[in-house]
Amino acid sequence: TSLQDHSRIVFTKDETRLDEGLTLFSCNQNTKAHDLGSFGLTEKTENGFIPDDFRHEIYLLIEENGKRILFSGCSHKGILDIAEWFAPDVLIGGFHFSKLPLDDTLTAYAKHLDRFETDFYTCHCTGTEQYAFMKQSMNRLHYLSTGQSIHI
């Protein structure tokens, strides 16, 4: 059976307002300034597998009391671009860097993110070693594990 016509399925546009202060974004129309690749993830087409473009990934922006809080999941479209597109006060999500080496490139990514006035709460797919390495270059980087709570 197809879920396409199921009453609980809601198809969203590039920007879908859920309620006051709650908006979903796909950012599929946004220009990417940084190509971080597809992290080895692919999608199956008629002609075989191609790099995933993550058109299915969405972001939730909460705007309340003058704050902008973004939930980004694994940030497959690239955390550098996502931070630029939204410039939120708080960004909660993975960076998808867990397989990256601890080198000058990762340092450059950290310094790029540190330019934003954003508190970053990152998790699982960032990688614990990558988090510790990036923390040396970022003032507002925090790790968020399952079961932890944060107050914003």
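Computed from a predicted model, the values in this text were never measured in an experiment. (Residues numbered from 1 in each chain as written. Predicted model: local features only at pLDDT ≥ 70, side-chain atom pairs only at ≥ 80, totals over all residues. Heavy atoms only, no water.)

Q: Please explain the environment of Gln148 as it appears in this structure.
A: Here Gln148 shows up in the segment after strand E9 (141-143). A residue is classified by how much of its surface remains accessible, and Gln148, at 46% relative accessible area, is partly exposed. A polar contact of 2.4 Å, which involves the side chain of Gln148, links it to the backbone nitrogen of Ser145. (Helix = DSSP H or I, 4+ residues; strand = E, 2+ residues; numbered from the N terminus. Buried < 20%, exposed > 50% of the residue type's maximum accessible area, 1.4 Å probe, protein only. Polar contact = N/O pair within 3.5 Å; in protein donor to acceptor, adjacent residues only side chain to side chain.)

Q: Quick question: what am I supposed to make of the packing of helix H1 (residues 79-86) against helix H2 (residues 104-114) here?
A: When two helices pack together, their arrangement is captured by the angle between the axes and the distance separating the axes. One way to put it is that H1 packs onto H2 with a least axis distance of 10 Å and a crossing angle of 10°. The pairing of H1 with H2 is recorded here as roughly parallel in orientation. Packed against H1, whose contacting residues are Ile79, Leu80, Ala83 and Glu84, the element H2 presents Tyr109, His112 and Leu113 at the interface. Counted by class, the contact of H1 with H2 contains 5 nonpolar, 1 polar and 1 charged residues. (Axes fitted to C-alpha atoms, helices over the stretch in contact; angles between N-to-C directions. Parallel < 35°, antiparallel > 145°, perpendicular 65-115°, else oblique. Contact = heavy atoms within 4.5 Å. Nonpolar A, V, L, I, M, F, W, Y, C, P; charged D, E, K, R; others polar.)

Q: Explain the layout of surface pockets to me, please; I cannot follow it from the model alone.
A: Quantified by volume, the largest pocket comes out at close to 170 Å³. Residue lining of the largest pocket: 14 residues in total, with Asn28, Lys32, Asp53, Phe54 and Lys77 positioned closest to the centre. In the lining of the largest pocket, the residues fall into 4 nonpolar, 5 polar and 5 charged. (1 Å grid on protein atoms, 1.4 Å probe; cavity = no way out; pocket = protein on both sides within 12 Å on 5 of 7 lines; lining within 4 Å. Points joined across faces, edges and corners; volume = space filled by probe spheres on them.)

Q: How should I be thinking about the packing of aromatic side chains in this particular structure?
A: Geometrically, a pair of aromatic rings is defined through the distance of the ring centres and the angle of the planes. On inspection of all chains with the given rule, the structure shows 6 aromatic pairs. Here the aromatic rings of Phe95 and Phe97 are separated by 5.9 Å at their centres, their planes lie at 70°, and the arrangement is edge-to-face. For Phe95, a relative accessible area of 0% corresponds to the buried category. Residues Tyr131 and Tyr143 carry aromatic rings whose centres are separated by 5.1 Å and whose planes lie at 65° to one another, so their mutual orientation is edge-to-face. On the criterion of sequence distance, the pair formed by Tyr131 in helix H3 (residues 128-135) and Tyr143 in strand E9 is long-range, its members being 12 residues apart. Put simply, the rings of Phe95, Phe97, Tyr109 and Phe120 touch in pairs and so form one group of aromatic residues. (Phe/Tyr/Trp six-rings, centres within 6.5 Å; stacked < 30°, edge-to-face > 60°.)

Fair warning: the whole summary comes from geometry, so function is off the table for now.
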